[in-house]
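Below are the chains, spelled out letter by letter.
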Amino acid sequence: MAPSPPEVHVLGAGPTGALTALALGLRGQRVVLFDPLTASELQARSRAYAITHSSRRLLTTLGLWHDLHDALVPFRDLDLRDAATKSQVLFSQTDLATANKNHDGIGWILDHRPLMELLLARLKGNKNVEIHLAEPCPAPSSDALIVAADGPGSPTREAWGIRHWGVRYRQGCLTAKVALRGLAHDRACELFRPEGPFAVLPLGQGTFQVVWSAPWQRCQQRSTLQRSEFLDQLAAVLPPGIEPDRLLDQPRAFPQQWLLAQSFHRGRGVLIGEAAHRCHPVGGQGLNLCWRDVDGLLRAVQRGGSAATIARNYGMSRWLDVIQVGLATDLLVRVFSNRQPLLLPLRHLALQLLKQFSVLRRLSLRAMSDGPMQLWQALPK
Ligand SMILES: Cc1cc2nc3c(=O)[nH]c(=O)nc-3n(C[C@H](O)[C@H](O)[C@H](O)COP(=O)(O)OP(=O)(O)OC[C@H]3O[C@@H](n4cnc5c(N)ncnc54)[C@H](O)[C@@H]3O)c2cc1C
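First things first, this report covers the structure right here in the doc. Values in this document were obtained by computation on a predicted structure and should not be read as measured data.

## So, the packing of helix 1 (residues 15-26) against helix 8 (residues 286-303)
Helix 8 packs onto helix 1 with a crossing angle of 25 degrees between their chain directions and a minimal axis gap of 10 Å. Taken together, helix 1 and helix 8 sit at an angle that is classed as roughly parallel. Relative to helix 8, the crossing made by helix 1 is right-handed. Two secondary-structure elements touch here, helix 1 through Pro15, Thr16, Leu19, Thr20, Ala23 and Leu24 and helix 8 through Leu287, Cys290, Trp291, Val294, Leu297, Leu298 and Val301. Here the residues of the contact of helix 1 with helix 8 are counted per class, giving eleven nonpolar, two polar and no charged.

Following this line, the structure appears as structure tokens:
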């Protein structure tokens, strides 16, 4: 096998950078990890991620799945509704690909804090990884592979002169943790509303995260409402029979964009995670796509070669997956966030077909949970 670079510098210790550093460290690669934030700042984000089967496989390979068990809240049904056409489809575990059945979940919801706690603890215990949080980091050697995992605003991407293409959605998205009544503890809901998609994700013990997309100014205004007013507005958009009890954190509004770097590599550097791409949170694809980048980088490192060869192999391997997920999420948002009379019959038909034909449910669930690239391939056991 061709020799590997002597060291890898990972810039950014968010969920993508931390997992990359750990995965490489576990394979015996010397890694230097840097982030301007402290460990407690890195853990502090109030967000929950929808975790798919592609991420389950990677976390299992890295020996993390078992230790995250108590923090992973499975959802065994996915309730998809289109408010404008009053159509509904229920995905269940029987719609999963055979290799994904028997894992007790269509997907899982994982809170940011336990994820980052485990990643940082494992990184600390790995002798191949040198961590610099909120302190100066030594410069990389001239033959090191440099991995930029520094998020959507990536200063490294800018410094390398890699331009990016982006669509800023008029929609923003608001996240809040709430206690709800009337919703099964193991069911996730994605409701398409004319102002934007609205997701309810189970966090266990009657608590849920809502991810509420709407025009940006409306999101900002909702994030500043009094608790009781916020709960009233939430009650008005929740499906019938589901009622909010309590607000558990401060709702936060985020702008939304579809971002794609023009190249995922330059010289001996690679862009990974949201430094390379970002998509709308509909369908909870974001972090899973970032972690498929980690998988792609591991494969490129395993093939070996100089840092530049690895960077090129990684960059070429990730395009198709990233573009397909970006297009699919963009299409969903555009087609379902309106009341266009010409689109309504098509939307109704699409959801009726999904409801009627299990083969279509299986295909769409497989694209969501394993990524579009795995649609026509046998899944790893
Ligand atoms: C509202 C919302 C809801 C979401 N819901 C989901 C979901 O349900 N499921 C899902 O899969 N995804 C979801 N996502 C997407 C998910 O949050 C992102 O995919 C994920 O945070 C990307 O991780 P990252 O490590 O690539 O980037 P980030 O989390 O942005 O981390 C980047 C890191 O780089 C560091 N950094 C910055 N500058 C530098 C520098 N100069 N040098 C070194 N480091 C630097 C930062 O301090 C930070 O720690 C959601 C996103 C939003 C906005």
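Structure shown, so let's carry the discussion forward.
## Here we look at the side chain of Gln257
By the element assignment, Gln257 lies in strand 15 (residues 252-261). Setting aside chain neighbours within four positions, we find Gln257 in contact with Val167, Arg168, Tyr169, Arg278, Cys279 and His280.

## Side note on the nonpolar core
A general tendency of soluble globular proteins is for nonpolar side chains to be buried together. One finds Leu19, Leu145, Trp291 and Leu297 to be the most contacted residues of the largest nonpolar core, which totals 59 residues. Looking at this core element by element, the count peaks at nine residues for helix 8. If we ignore the near neighbours within four places in the chain, the residues touching Leu145 are Pro5, Glu7, Val8, His9, Arg268, Val270, Leu297, Val301, Ala307, Ile310 and Ala311. If you look at the next biggest cluster of nonpolar residues, it comprises 23 residues, including Ala48, Leu80, Ile109 and Leu203.

## So, the site of the ligand
As a structural note, the neighbourhood of the ligand is formed by 32 residues, with Thr16, Asp35, Arg45, Arg47 and Leu287 the closest of them. One of the side-chain N or O atoms of Asp35 is found 2.7 Å from an oxygen atom in the ligand. Protein chains bury 88% of the 1000 Å² of accessible surface belonging to the ligand in isolation. Listed by contribution, the elements that provide at least two residues to the shell around the ligand are helix 1, strand 2 (31-35), strand 3 (48-51), strand 10 (164-181) and helix 8. No other element matches helix 8, which puts four residues into the shell around the ligand.

## Considerations on the sheet that holds strand 3
Read from one edge of the open sheet, three strands run 3-7-4, paired in antiparallel fashion. In this open sheet, the two edge strands, each paired with only one partner strand, are strand 3 and strand 4 (72-75). Between one strand and the next, the sheet's axes are offset by a mean angle of 25 degrees, whatever the strand orientation. Sheet analysis places strand 3 next to strand 7 (residues 107-111), joined by four bridges and oriented antiparallel. Across the sheet, Ala48 pairs through a bridge with Asp111, a residue of strand 7.

About the cut-offs
- Residues numbered from 1 in each chain as written.
- Predicted model: local features only at pLDDT ≥ 70, side-chain atom pairs only at ≥ 80, totals over all residues.
- Heavy atoms only, no water.
- Axes fitted to C-alpha atoms, helices over the stretch in contact; angles between N-to-C directions.
- Helix = DSSP H or I, 4+ residues; strand = E, 2+ residues; numbered from the N terminus.
- Parallel < 35°, antiparallel > 145°, perpendicular 65-115°, else oblique.
- Left-handed = near helix turned anticlockwise from the far one by under 90°.
- Contact = heavy atoms within 4.5 Å.
- Nonpolar A, V, L, I, M, F, W, Y, C, P; charged D, E, K, R; others polar.
- Core = buried A, V, L, I, M, F, W, Y, C linked by side-chain atoms within 4.5 Å.
- Buried < 20%, exposed > 50% of the residue type's maximum accessible area, 1.4 Å probe, protein only.
- Near = heavy atom within 4 Å.
- Polar contact = N/O pair within 3.5 Å; in protein donor to acceptor, adjacent residues only side chain to side chain.
- Areas by Shrake-Rupley, 256 points an atom, 1.4 Å probe, with all protein chains shown as cover.
- Pairing = 2+ DSSP bridges.

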